[in-house]
Amino acid sequence: MNDLNLRYINAKRALFDRANAKLNAKQREAVYTVDGPVLVLAGAGSGKTTVLVRRIVQIIKYGNAYADTRIPFGLTEDKVASLENARSLSDAEIKEILPEFISDPCPPWRMLAITFTNKAAAEIKQRLAAELDDEDAASSIWAGTFHSMCMRILRVNAEAAGLKPGFSVYDTEDTKKALKSAMKSLNIDEKMIPLKSVMNRISRAKEKLKGPQAFIAEADDYRERQIGKIYEKYADDLVASNALDFDDIIMKTVLLLKNYPAVLDKYATQFRYISVDEFQDTNEAQFALVALLSQKNRNIMVVGDDDQSIYRFRGATVENILGFDKNYTDAKVIKLEQNYRSTQHILDAANSIISNNNGRRGKTLWTDNVSGEKIYVRKLANQDSEARFIVETIARMVSREGKSYRDFAVLYRTNVQSNALQTVFAKSAMPYRVLGGVSFSERKEIRDIVAYLQLINNHSDKERLLRIINVPARKIGDRTIDCIEQLAEEQGTDMFSIIENATKYPVLSRSCGSLLGFASLINSLTELSDSLPLDRFVNEVIERSGYRHMLIEGGEPEKERLENLEEFISGVLEYQNREEEPTLTGFLEENALVADVDRYDENADAVVMMTVHSAKGLEFPIVFLPGMEEGIFPGNQAQFDNEELEEERRLAYVAVTRARRAVYMLYTESRMIYGRTVVYTPSRFISEIPGELKDEQTAHMAPYRSPQTGRVYYSESKPAGDMTVRAKRDQQSAPAAREKFEPGDIVEHFSFGRGEVISAKPMGADVLYEIMFDRVGTKKLMATYARLKRSQ
DNA sequence: ATGGGGCTGCTTTTT
DNA sequence: GCAGCCCCAT
């Protein structure tokens with residue numbers, strides 16, 4: 001290559017570098033690596049989503065322009081010089097020049113980006129839309145979760161996949177019930193083989209693309225053969241119900257692509273570029289899917305972090321990321337190790353913990369950020385002091401350092417740990433929110449109405465039929481239901497057909513009236529579903545099924561359920577307004593695949609509490625890690641199992657790397673676990689952090705003092721009903737005479753803001769107020785700690 | 001048909 | 001310690 005050509009290419013690349021000046025060299029390398037397989041090992045906080053999005057945008061806008069070494073015909077010295085001088089132009093001017101280098105760009109609809117969660121998918125879509133600045137282009141990119149993408153393929157190819165249109169998706173609870181009934185019909189006792197392990201085995205089998213026959217063929221003991229039988233029966237039931245479970249969605253798609261070369265060819269041709277996020281969380285089926293789809297164009301980029309693989313228990317195989325470049329020998333491997341989130345001390349601590357694991361690809365995070373504070377390690381007397389330590393530390397930092405509540409996260413290993421925390425937080429008047437309770441769509445009334453909709457959409461859906469056939473009560477008893485089930489099995493048809501034709505079966509003569517009534521209810525609603533807008537239709541379902549009537553009859557206790565149904569209808573309305581072609585099937589699919597509108601509102605000013613698992617991908621200025629004890633974190637089950645232990649260590653790595661500024665690791669002398677007081681030793685993960693990175697102390701919490709009697713209690717013996725936390729400053733200053741409020745009064749709270757008193761219950765010398773706040777909803781607060789002021 | 005009492009079992013979770 | 005589930009009693 002002559003000098004002029006070389007200068008041309010260098011000048012062109014310099015301009016692209018300018019356009020991506022906000023990225024570091026490694027990130028840019030990933031963005032410019034367009035063709036062939038690429039593995040991006042992205043450490044925590046290394047900007048992986050940015051890279052993923054930028055690369056897609058780069059390919060759509062400029063194709064392989066950066067790597068392209070072709071020289072335009074008739075290149076002149078003047079031209080090269082002007083490109084070289086363009087470096088000093090403004091960003092906007094450079095953007096004007098770049099299109100002249102376009103080289104084989106990819107149309108957006110040939111771009112596939114796969115994530116695990118809807119939240120991640122939404123974020124990627126949103127950032128793509130912003131960067132492409134082209135709504136249509138952004139929305140034609142296939143960006144979604146594994147499941148949503150597979151559903152899209154299955155819907156179009158339902159017949160080839162062995163499905164009838166309008167097929168249902170069973171969630172975990174439906175699956176559980178179906179397995180239970182399969183076990184019952186096979187006379188397999190749950191005490192012999194626990195349902196949980198059956199579920200797990202079958203789920204693992206599906207992830208390995210193993211059907212019931214293959215499973216049975218490989219079964220080498222009685223128990224395995226029994227599970228094989230259950231699997232077979234369950235699979236038959238799913239077919240009869242025209243339903244898929246979550247694992248089927250992936251497995252059936254892979255099988256479809258394997259069995260129908262024409263279908264595979266269509267998609268493998270269409271998807272010129274494939275990107276997979278969180279690749280360390282993929283299972284075998286998901287890897288097989290990606291491998292099939294990319295086999296033709298071989299342009300596959302996977303992004304992930306082997307050190308953050310924390311879902312082995314649900315079938316994720318780290319080997320997918322560890323061995324990626326063995327599967328794709330020509331893969332380019334790029335490591336993103338610069339961290340933009342945390343202080344160097346936090347990263348050093350995380351690095352030294354994770355360095356105790358074997359079987360890593362090996363990465364060392366570093367940052368330009370300050371070295372920052374040391375890791376605070378605090379020993380507390382018990383879980384109560386632990387919770388109070390957290391509350392008081394936060395209270396102090398909020399009042400003295402002007403921090404917001406939202407700057408703090410409490411991350412624990414197991415959900416049970418949140419109980420003790422919540423008790424203390426609830427009484428402390430400190431705003432907090434807990435992630436991971438019963439979600440909206442898991443509520444009984446919502447599930448019931450969704451079951452009606454599912455049955456209307458798919459009359460074969462057995463689990464949903466069983467769920468609502470007698471809700472509200474319509475005199476169809478268990479005996480009748482058993483009878484119908486058996487008839488359906490004998491006739492090789494579904495239960496609904498038996499019910500419709502109840503008159504034909506003498507055994508059903510007694511309940512014939514109720515059955516025909518139910519059949520005509522469902523049939524008339526099915527007809528109605530075509531003619532009414534979705535929200536009005538759902539309203540009719542609630543009405544005509546008698547469900548609303550049932551709840552109204554139920555009076556006060558059922559009021560909340562009624563309100564939830566109203567909220568559900570507004571959710572339907574929201575779907576209807578958003579969707580171009582709203583359909584019942586579409587709504588149900590979204591409902592099955594999209595968990596609640598992500599419950600975590602990042603704007604609310606409240607301390608957030610959740611498991612370390614659910615914190616993956618999030619970041620917080622200050623992180624508390626209670627329960628850093630052997631037996632909790634790492635858990636008991638990991639004590640003698642190295643694989644488990646390494647997973648726990650990765651989890652600890654995830655936990656520490658959530659923090660931007662400070663980490664508090666807490667452990668106790670003793671704590672209550674399952675009703676027993678246990679004494680655990682501090683977690684090995686604490687000792688795996690070098691001493692010079694730690695600020696280690698015993699924290700002495702002030703004992704409780706009863707507000708009424710002034711008696712001092714130590715937490716273990718505190719009297720029932722007195723679970724107050726006293727911030728230190730409160731103890732020092734004698735409580736001032738407190739203003740009394742009555743229902744209807746408007747009050748001001750130092751962090752919840754303005755609210756109206758709903759009720760006031762005297763409790764000893766104190767008063768428990770229920771207050772409806774404008775911003776944060778209804779809260780119950782003790783007068784002594786709420787420090788309420790009259791508004792105006 | 002519904003609820004209460006006793007028994008069990010108990011990491012992590014998205015789709 | 002507690003929630004969820006099953007079974008039995010009303």
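Think of each chain on its own: its residues are numbered from 1, step by step along the sequence as written. Throughout, the order in which chains and ligands are written sets their labels, letters from A for the former and numbers from 1 for the latter. The predicted nature of this model means local features are confined to residues of pLDDT at least 70 and side-chain atom pairs, given and counted, to a pLDDT of 80 or more, with totals for whole chains, interfaces and linings taken over all residues. Side-chain measures here rest on the full set of heavy atoms in the structure, leaving out hydrogens and waters.

## Here we look at the protein's contact with DNA strand C
All residues in the neighbourhood of DNA strand C are listed as Lys180, Met672, Tyr674 and Gly675. Residues are labelled near a given molecule or strand when at least one of their non-hydrogen atoms is within 4 Å of it. Sugar and phosphate atoms constitute 43% of the interface atoms of DNA strand C, taking the interface as everything within 4 Å of the protein. Looking at side-chain class alone, the surface near DNA strand C contains two nonpolar, one polar and one charged residues. Following the grouping adopted for this structure description, the nonpolar residues are Ala, Val, Leu, Ile, Met, Phe, Trp, Tyr, Cys and Pro, the charged ones are Asp, Glu, Lys and Arg, and the polar ones are all others, Gly among them.

## Topic: the sheet that holds strand E13 (residues 620-625)
Following DSSP output, two strands are said to pair if at least two bridges run between them. Numbering of helices and strands starts at the N terminus; helices are DSSP runs of H or I of at least 4 residues and strands are runs of E of at least 2. The seven strands lie next to each other as E11-E12-E10-E13-E14-E9-E17, forming an open sheet whose pairing is parallel. The open sheet has two edge strands with one neighbour each: strand E11 (432-434) and strand E17 (694-698). Mean inter-strand twist for the sheet, computed between neighbouring axes without regard to direction, equals 20°. Note: strand E9 (residues 375-380) against E17, five bridges, orientation parallel. Paired with Lys379 across the bridge in E17 is Thr698. Sheet contacts for helix H31 (residues 642-656): strand E10 (408-412), E13 and strand E14 (659-668); angle to E14, the most-contacted strand, approximately 130°. Each axis is a line fitted through C-alpha atoms, and for a helix only the stretch in contact is used; angles between axes span 0 to 180 degrees, taken between their N-to-C directions. Here, two residues are considered to be in contact whenever any of their heavy atoms come within 4.5 Å of each other.

## Focus: the sheet that holds strand E8 (residues 332-336)
Spatial strand order, E3-E2-E6-E7-E1-E8: six strands in an open sheet with parallel pairing. The outermost strands of the open sheet, each flanked by one partner alone, are strand E3 (142-145) and E8. Direction aside, neighbouring strands of the sheet carry axes that sit 15° apart on average. Two strands pair when backbone bridges link them, and strand E1 (residues 38-42) and strand E7 (residues 300-304) are joined in this way by four bridges, in the parallel orientation. Considered in E7, the bridge of Val40 is made with Val303. Each of strand E2 (111-115) and E3 touches helix H6 (residues 118-132); the most contacted strand, E3, lies at about 160° to it.

## Observations concerning helix H23 (residues 478-491)
A helix is expected to span 1.5 Å multiplied by its residue count minus one. An ideal rise of 1.5 Å per residue puts 20 Å on 14 residues; H23 measures up with 20 Å between its terminal C-alpha atoms. Only protein chains enter the area calculation, which uses a 1.4 Å probe; residues under 20% of their type maximum are buried, those over 50% are exposed, and those in between are partly exposed. Here H23 has its buried residues at Thr480, Ile481, Ile484, Leu487 and Ala488. One side of H23 holds all its buried residues, which, seen down the axis, span an arc of 125°. Every exposed residue of H23 that faces more than 90 degrees away from the buried side is listed here: Asp478, Arg479, Gln486, Glu489 and Glu490. Summarising the geometry, the arc corresponds to the directions from the helix axis toward the C-beta atoms.

## Re the pattern of salt bridges
Salt bridge criterion: a side-chain nitrogen from Lys or Arg within 4 Å of a carboxyl oxygen from Asp or Glu. This structure, assessed with the given rule, holds 61 salt bridges. In this structure, Asp171 engages Arg447 in a salt bridge whose closest nitrogen and oxygen atoms are separated by 2.9 Å. Note that Asp171 is positioned in the loop between strand E4 (168-170) and helix H9 (172-185) and Arg447 in helix H21 (residues 444-457), a separation of 276 residues in sequence. Taking the shortest distance from any N to any O, the salt bridge between Lys206 and Asp245 comes out at 2.7 Å. On the criterion of sequence distance, the pair formed by Lys206 in helix H10 (residues 195-207) and Asp245 in strand E5 (residues 243-245) is long-range, its members being 39 residues apart. Each member of the pair, Lys206 as well as Asp245, is classed as buried.

By themselves, these figures tell us nothing about what the structure is for.
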